[in-house]
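Structural overview for review
These are the residues of each chain, in order.
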Amino acid sequence: MADASAFGTPLWTGLYIGAGGGLKALNNTVTAVPGDAVKDDPGAIGAHVSLDGLGGDGAFFSLGIGGDYQFHDRFLVGAFFDYDFDTLATNVDVSIPGIPLQAHGKVEIDDSWSVGGRLGFLPSPSALLFLSAGYTRLGSTDISANISGPAEISARASVSSIAGIFYGGGFETLLTDHISLKGEYRYTDFGSGDITLPTVEGIDLNGFVSPSIEPTLHVGRLSLGYRF
């Protein structure tokens with residue numbers, strides 16, 4: 001157990017590495033409007049669809065590195081970087097009134113990374129409560145799309161890079177002088193990103209429908225850290 005019998009010793013100052021995992025839940029709001037090729041079609045005017053609650057969840061494994069500076073008996077500041085190996089997938093369905101196209105897709109996220117900072121309060125020398133905030137980017141984001149209309153089309157679409165700001169908080173406790181246990185919750189709002197559909201047999205599907213996706217992410221993580 002860490003020697004934390006009294007305040008006054010900056011037990012938390014230094015660098016650390018960590019490993020852990022947890023669960024992520026992704027929620028998507030998919031919005032689609034007519035593309036340039038049909039937006040002036042009287043039958044398509046006002047055609048608009050917004051689907052909320054399209055989501056999925058999955059587990060992840062995480063590696064991280066960071067550092068803290070205890071500037072007061074009760075307070076510290078820190079910075080960190082995390083890389084997550086994800087198994088997160090979510091189904092997306094889009095159907096546009098006035099346009100003879102429907103799409104069923106599966107969004108898969110294989111990895112993500114985050115960089116951020118935290119401000120911590122020490123209720124006891126070996127226990128830490130903290131608030132965190134930073135930047136998260138989803139990597140290897142892909143959509144497998146099956147588009148149906150006049151003909152059945154199997155295609156692969158892409159999503160523009162998805163990144164956003166996260167906010168969170170959690171706890172950490174020193175188990176020994178060098179080992180700590182940390183639990184944290186984070187919420188990320190990624191804003192809105194365009195979905196780019198493929199060109200199939202010379203037909204640019206983006207001219208018929210212009211979809212976008214607005215994801216939010218909930219993350220619960222637990223990790224062990226080694227403090228140098």
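See the structure printed just above.
To start, this report covers the structure provided alongside it.

About the criteria used
- Each chain has its residues counted from 1, running along the sequence as written.
- Only residues with pLDDT of at least 70 are given local features in this predicted model, and only at 80 or more are side-chain atom pairs given and counted; all residues enter the totals for whole chains, interfaces and linings.
- To get the side-chain values, take all heavy atoms of the structure and skip hydrogens and water.
- Secondary structure elements are taken from DSSP: a helix is a run of H or I of four residues or more, a strand is a run of E of two residues or more, and numbering for both begins at the N terminus.
- Any residue under 20% of the maximum accessible area for its type is buried, any over 50% is exposed, and the rest in between are partly exposed; the area is computed with a 1.4 Å probe on protein chains only.
- Contacts are residue-level and defined by heavy atoms, with any inter-residue pair within 4.5 Å sufficient.
- All accessibility values rest on the Shrake-Rupley procedure with a 1.4 Å probe; residue burial counts only the protein chains present in the view.
- To count toward a patch, a residue needs a relative accessible area over 30% and no salt bridge; like charges are then connected within 9 Å, while nonpolar side chains (Val, Leu, Ile, Met, Phe, Trp, Tyr) are connected within 5 Å.
- Whenever a carboxyl oxygen of Asp or Glu lies within 4 Å of a side-chain nitrogen of Lys or Arg, that contact is scored as a salt bridge.
- Working definition of a nonpolar core: buried Ala, Val, Leu, Ile, Met, Phe, Trp, Tyr and Cys residues. They are joined through side-chain atoms within 4.5 Å.
- Think of it this way: DSSP has to see at least two bridges between two strands before they count as a pair.
- N or O atoms closer than or at 3.5 Å make up a polar contact, with two conditions inside protein: a donor-capable atom paired with an acceptor-capable one, and, for residues adjacent in sequence, both atoms drawn from side chains.
- Ring pairs shown here join Phe, Tyr and Trp side chains whose ring centres sit within 6.5 Å, with only the six-membered ring taken for Trp; geometry is labelled stacked below 30 degrees between planes, edge-to-face above 60, and tilted in between.

**Concerning the overall build of the chain**
The helix and strand inventory of the chain stands at 0 helices and 12 strands. Starting at the N terminus and walking to the C terminus, you meet the elements of the chain as β-β-β-β-β-β-β-β-β-β-β-β. Burial status across the chain gives 44% buried among its 228 residues. For the chain, long-range pairs separated by at least 24 residues make up 73% of all intrachain contacts whose partners lie at least 6 apart in sequence. Carbon and sulfur atoms make up 61% of the accessible area of the chain, which totals about 10900 Å².

**Considerations on a nonpolar patch on the surface**
Together, Tyr69, Phe71, Phe75, Val77, Leu119, Phe121, Leu129, Phe171 and Leu222 make up an exposed nonpolar region whose accessible area comes to about 840 Å². Mapped onto the nonpolar patch, the elements with two or more residues apiece are strand E3 (75-95) and strand E4 (102-124). Structurally, the position occupied by phenylalanine 75 is in strand E3.

**Here we look at the nonpolar core**
Of all hydrophobic cores here, the largest spans 9 residues; its members are Leu26, Phe60, Leu88, Ile109, Leu138, Ile162, Phe190, Leu217 and Val219. Ranked by size, the runner-up nonpolar core spans 6 residues in total, among them Trp12, Leu122, Phe130 and Leu174.

**A word on the pairing of strand E8 (residues 179-189)**
One ladder, built from 10 bridges, connects strand E7 (residues 162-174) with E8; its direction is antiparallel. For isoleucine 165, the partnering residue across the bridge sits in E8 and is aspartate 189. If you look at the hairpin formed by E7 and E8, you'll find 4 residues sitting between the two strands.

**Comments concerning the pattern of salt bridges**
This model, assessed by the stated rule, comprises 10 salt bridges. The shortest N-O distance in the salt bridge between arginine 186 and glutamate 184 comes to 3.0 Å. Assigned by exposure class, arginine 186 and glutamate 184 land together as buried. One network of salt bridges, in which partners are shared, links Lys24, Asp82, Asp84, Asp86, Glu184, Arg186 and Arg221.

**Re the side chain of serine 132**
Its location among the elements puts serine 132 in strand E5 (residues 127-148). Residue class for serine 132 comes out buried when judged on its relative accessible area of 6%. Within the structure, serine 132 has its side chain in polar contact with the side chain of glutamate 184 (distance 2.7 Å).

**Let's talk about the packing of aromatic side chains**
The way to describe two aromatic rings as a pair is by their centre distance and the angle between their planes. All chains considered together, the criterion is met by 8 aromatic pairs. Taken together, a centroid distance of 6.2 Å and an interplanar angle of 25 degrees make the contact between phenylalanine 61 and phenylalanine 85 stacked. One end of the pair, phenylalanine 61, is in strand E2 (residues 49-69); the other, phenylalanine 85, is in strand E3, and 24 residues separate them in sequence. Exposure remark for phenylalanine 85: the relative accessible area of 39% places this residue in the partly exposed category.

**Thoughts on the environment of glycine 164**
On the secondary structure map, glycine 164 appears in strand E7. Overall, glycine 164 belongs to the buried group, its relative accessible area being 7%. Counting along the chain gives 25 residues from glycine 164 to aspartate 189, while the straight-line C-alpha distance between them is 5.7 Å. With sequence-adjacent residues up to four places away left out, glycine 164 is seen in contact with Gly134, Tyr135, Thr136, Thr188, Asp189 and Phe190.

**Details of the environment of glycine 220**
Looking at the element boundaries, glycine 220 is found in strand E12 (residues 209-227). For the pair glycine 220 and glycine 22, spaced 198 residues apart in sequence, the C-alpha separation works out to 5.6 Å. Other than its neighbours up to four places away in sequence, glycine 220 contacts Gly21, Gly22, Leu23, Phe60 and Glu184.

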